Amino acid sequence: MTILILEWSNPLNKSCAIHFSCVSQLFIFCSVMLHLSQDVEALRGELCRKDEECREQERRLAALEQQVQERTGVIVQLQQQLEEAAQRRQELQLLRDGEETLSRQAALPLQVKYVTKTVEVESAQSKQALIEAQAHNQALQEQLSVQRQLLRELEQQLHESQRSSSQLRQQILVYEGEMERAQGQLEAEMQSLEEEKNRVIEEAFIRAESEMKAVHENLAGVRMNLLTLQPALRTLTCDYNCLKRQVQDFPYMLEKAITEAKQEICQVIGEVSSANQELLRKYKREMNLRKKCHNELVRLKGNIRVLCRVRPVCAGETDAADTKNKVTFDPDDDAVLYLSNKGKLMTFELDKVFPTQATQEEVFQEVQSLVTSCIDGFNVCIFAYGQTGSGKTYTMEGVPEDPGINQRALRLLFSEVSEKKPDWDYKITVSMVEIYNETLRNLLGDNPSEKLDIKMCPDGSGQLYVPGLTEFTVESVEDINKVFDLGHMNRATACTNLNEHSSRSHALLIVTVAGFNSSTGHRTSGKLNLVDLAGSERITKSGAEGSRLREAQCINKSLSALGDVINALRSKHSHVPFRNSRLTYLLQDSLSGDSKTLMMVQVSPLESNVSESVCSLKFAQRVRSVEIGPSSSSRRQAESSSTSSSPTHDA
Ligand SMILES: Nc1ncnc2c1ncn2[C@@H]1O[C@H](COP(=O)(O)OP(=O)(O)OP(=O)(O)O)[C@@H](O)[C@H]1O
């Protein structure tokens, strides 16, 4: 017996196993029923066949009956013909009688002769009647012969009819015999079929009875099993109802769970946001700390970093005698530079020295932290200082295939601000200014020869601004290139010799980075001033006159003012002489406060430039090594007695 075990789990974690022995009994019952129905089907088929045979026999019987009817019709026709023939025979007989009567009359010649004679004698009228009687007689004879002929034909027909009638009778007898035989056969077959049918039905009945008995027995077993299944069914129904209730309650439970989850999420969000606030507070505190540390560092190191770059010997300068030996480097210390001047080896110590082979990228890496600090809101100044041809423009602007600090700084700013998105939104604007002979010119404006002025903001903030100074917002390298091209073009249109002119003027690239944090509402504003200073060589000592002298005086004045400002800031003087030159006045907000300044001192390796290199390096070293001076008040007194702290630029 097959035992089928069904097992399932319900939410109440119940499991039940049910033995379905009744199922097998059901299977047996079904198979018996199937067998029976097959037998019944077979019997039905047999019965149909027999019925078909019966119908066939009936059809044959009907055909035979029709034939008999047809034959009967023929017989009836023949009988009619026979009757007609008999009638004609009768008529013939009558004719014969008439003929005989006639012949008998004819056999009485005398009488006729007498009559004839009588007629002949008596009258022509009688003769006429005789002729007519003869003609009538003739016609009757003809008629008689026709009748005779007809009689003969009729007799012949009669014979034939009689013959065919006897044939038909014989045939009818044959058919009747056949019919009787067929009917007998049919009846016998019907009888045997009936018997067969009864036998089969009886057998089927007996079989069905026994099978029914078996089925009943199975059914009783199934009933018994059903009785045992009922408790399991009750349990299942109970479980089902329980599940149903749970399903009905599910939306409510789900809603409740969602509400709880929402509450938890809100709580977590609240916690996270308070943690964020805390982090933000810590971040701001760290930023302030960093700022303080930086300021402290700057204060300790001096608020200006001074780097030095020695340019390589250019192609046309290779014939210069023992050029390489004039400027040498310390392999163990990259902050030291040796310069051989009149047989004397001078040592200069700076924050870092770039040898001739230093790349633009290496130089930029050293200044990039300063560049990025303007994103945090610092004001930054990077100067390139040195005599004409020492490589200032190369370091600041570079060449198209190897750009300098200006372009690299803007590229770095773009990538840095894009990394801070989307929290921070930055706007980067650039201006280009030239200071020539203490005159300020807007290099990005429509009219480059227009002179600009520096003014105090009317809002009383103490901030300076340049009315009419053009500012371009830049977002890509293409924008930078366009701005630089425009600046160069404007600078070139305003002078006859660009190289000479650029050596005698200061070029400033002013980059403003304004940031806004949409989540905190925090705003920053930093300024980056990239300055390519005019050549620092001492022209006055070579006896320049006229416009050259004026140019030299202006350059000297502005460079001296720059030195004085740096010195005053570093010495924490209460008064810083920003207004002494256009350059320092313009850069006031980028030199004061907690701004950051870097000076790149450019040095030429050529022997002929050694004395200028010495001057530049001495100036750089002084700027770097100026010690914190006396208090601001005492310093102010000192200021009144000495107007310049830049000994190299005494005009
Ligand atoms: N590091 C360097 N590597 C290669 N070539 C350099 C380097 N520095 C400067 N030069 C080359 O030296 C020459 C003079 O440089 P540059 O014009 O930059 O000097 P400068 O100080 O800006 O002069 P000026 O004051 O006249 O503008 C240029 O031909 C420049 O390409």
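- In the nomenclature of an unreviewed UniProt entry, the protein chain corresponds to Kinesin-like protein from the organism Cyprinus carpio carpio.
- The protein chain has a UniProt comment under Sequence similarities (unreviewed entry) that states "Belongs to the TRAFAC class myosin-kinesin ATPase superfamily. Kinesin family."
- Recorded in UniProt under Function (unreviewed entry), the annotation for the protein chain is "Minus-end microtubule-dependent motor protein. Involved in apically targeted transport. Required for zonula adherens maintenance."

### Brief notes about the nonpolar core
Next, step 1: Grouped together as the largest cluster of nonpolar side chains are 49 residues, with contacts concentrated most on Phe-383, Leu-508, Leu-586, Leu-591, Met-599 and Leu-617.
Next, step 2: For this core, the leading source of residues is helix α9 (residues 546-570), giving 7 residues.
Next, step 3: In contact with Leu-591, not counting residues within four places along its chain, are Cys-381, Phe-383, Leu-562, Val-565, Leu-569, Phe-578 and Thr-597.
Next, step 4: Residues Cys-374, Ile-428, Leu-443 and Phe-484 belong to the second largest nonpolar core, which totals 40 residues.

### Topic: the environment of Thr-512
Next, step 1: Mapped onto the fold, Thr-512 is located in strand β15 (residues 506-517).
Next, step 2: A residue is classified by how much of its surface remains accessible, and Thr-512, at 18% relative accessible area, is buried.
Next, step 3: Ignoring any residue separated from it by four or fewer positions in sequence, one finds Thr-512 in contact with Lys-427, Ile-428, Thr-429, Glu-471, Ser-525, Gly-526 and Lys-527.

### Some points on the side chain of Ser-373
Next, step 1: Its place among the elements puts Ser-373 in helix α4 (residues 360-373).
Next, step 2: Given a relative accessible area of 2%, Ser-373 falls into the buried group.
Next, step 3: In this structure the side chain of Ser-373 is engaged in a polar contact, spanning 3.4 Å, whose partner is the side chain of Lys-596.
Next, step 4: In this structure, Ser-373 is in contact with Phe-378, Val-380 and Lys-596, ignoring residues within four places of it in sequence.

### Considerations on a nonpolar patch on the surface
Next, step 1: On the surface, Phe-250, Leu-254 and Ile-258 cluster together into a nonpolar patch covering about 270 Å² of accessible area.
Next, step 2: The exposure class of Phe-250 is partly exposed, given its relative accessible area of 46%.

### Concerning the packing of α4 against helix α6 (residues 405-419)
Next, step 1: Contact geometry for α4 and α6: axes closest at 10 Å, N-to-C directions at 50 degrees. In terms of orientation, α4 and α6 fall into the oblique class. Helix-helix and strand crossings are classified by hand; for α4 and α6 the assignment is right-handed. When α4 is examined against α6, the residues Gln-360, Glu-361, Val-363, Phe-364, Val-367, Gln-368, Val-371 and Thr-372 are found in contact with a partner set consisting of Ile-405, Arg-408, Ala-409, Leu-412, Leu-413 and Glu-416.
Next, step 2: A class-by-class count of the residues in the contact of α4 with α6 yields 8 nonpolar, 3 polar and 3 charged.

### Quick notes on the sheet that holds strand β2 (residues 327-330)
Next, step 1: What the 3 strands build is an open sheet, ordered β2-β3-β4; its pairing is antiparallel. Edge positions in the sheet fall to β2 and β4 (344-349), since each has one partner strand and no second. In this sheet, neighbouring strand axes are inclined to one another by 30 degrees on average, regardless of whether the strands run parallel or antiparallel.
Next, step 2: Relative to β4, strand β3 (residues 333-341) runs antiparallel, the two sharing 6 bridges. Paired with Leu-339 across the bridge in β4 is Met-346.

### Re the pattern of salt bridges
Next, step 1: Taken as a whole, this structure holds 18 salt bridges when the rule is applied.
Next, step 2: Close ionic contact of Glu-361 with Arg-408 constitutes a salt bridge, the shortest N to O distance being 2.6 Å. With Glu-361 in helix α4 and Arg-408 in helix α6, this residue pair connects regions lying 47 residues apart in the sequence.
Next, step 3: Residue Glu-361 is classed as partly exposed on the basis of its relative accessible area, which comes to 35%.
Next, step 4: Linked by salt bridges that have partners in common, Glu-52, Arg-55, Glu-56 and Arg-59 make up one network.

### Points about the site of the ligand
Next, step 1: Taken together, 14 residues sit near the ligand, with Gly-389, Lys-392, Thr-393, Tyr-394 and Ser-503 positioned nearest.
Next, step 2: Thr-393 has a polar side-chain atom sitting 2.5 Å from an oxygen atom of the ligand.
Next, step 3: Protein chains shield 74% of the accessible area of the ligand, which is 620 Å² for the free molecule.
Next, step 4: Residue assignment for the shell around the ligand shows that the elements contributing at least two residues are α5 (392-396) and α8 (498-503).
Next, step 5: In terms of residue count, α5 provides more of the shell around the ligand than any other element does, 3 residues in total.

Rules used in this analysis
Residues numbered from 1 in each chain as written. Predicted model: local features only at pLDDT ≥ 70, side-chain atom pairs only at ≥ 80, totals over all residues. Heavy atoms only, no water. UniProt positions renumbered as here; feature names shortened; annotations may be inferred. Core = buried A, V, L, I, M, F, W, Y, C linked by side-chain atoms within 4.5 Å. Buried < 20%, exposed > 50% of the residue type's maximum accessible area, 1.4 Å probe, protein only. Helix = DSSP H or I, 4+ residues; strand = E, 2+ residues; numbered from the N terminus. Contact = heavy atoms within 4.5 Å. Polar contact = N/O pair within 3.5 Å; in protein donor to acceptor, adjacent residues only side chain to side chain. Patch = residues over 30% accessible without salt bridge, like charges linked within 9 Å, V, L, I, M, F, W, Y side chains within 5 Å. Areas by Shrake-Rupley, 256 points an atom, 1.4 Å probe, with all protein chains shown as cover. Salt bridge = Lys/Arg side-chain N within 4 Å of Asp/Glu carboxyl O. Axes fitted to C-alpha atoms, helices over the stretch in contact; angles between N-to-C directions. Parallel < 35°, antiparallel > 145°, perpendicular 65-115°, else oblique. Left-handed = near helix turned anticlockwise from the far one by under 90°. Nonpolar A, V, L, I, M, F, W, Y, C, P; charged D, E, K, R; others polar. Pairing = 2+ DSSP bridges. Near = heavy atom within 4 Å.

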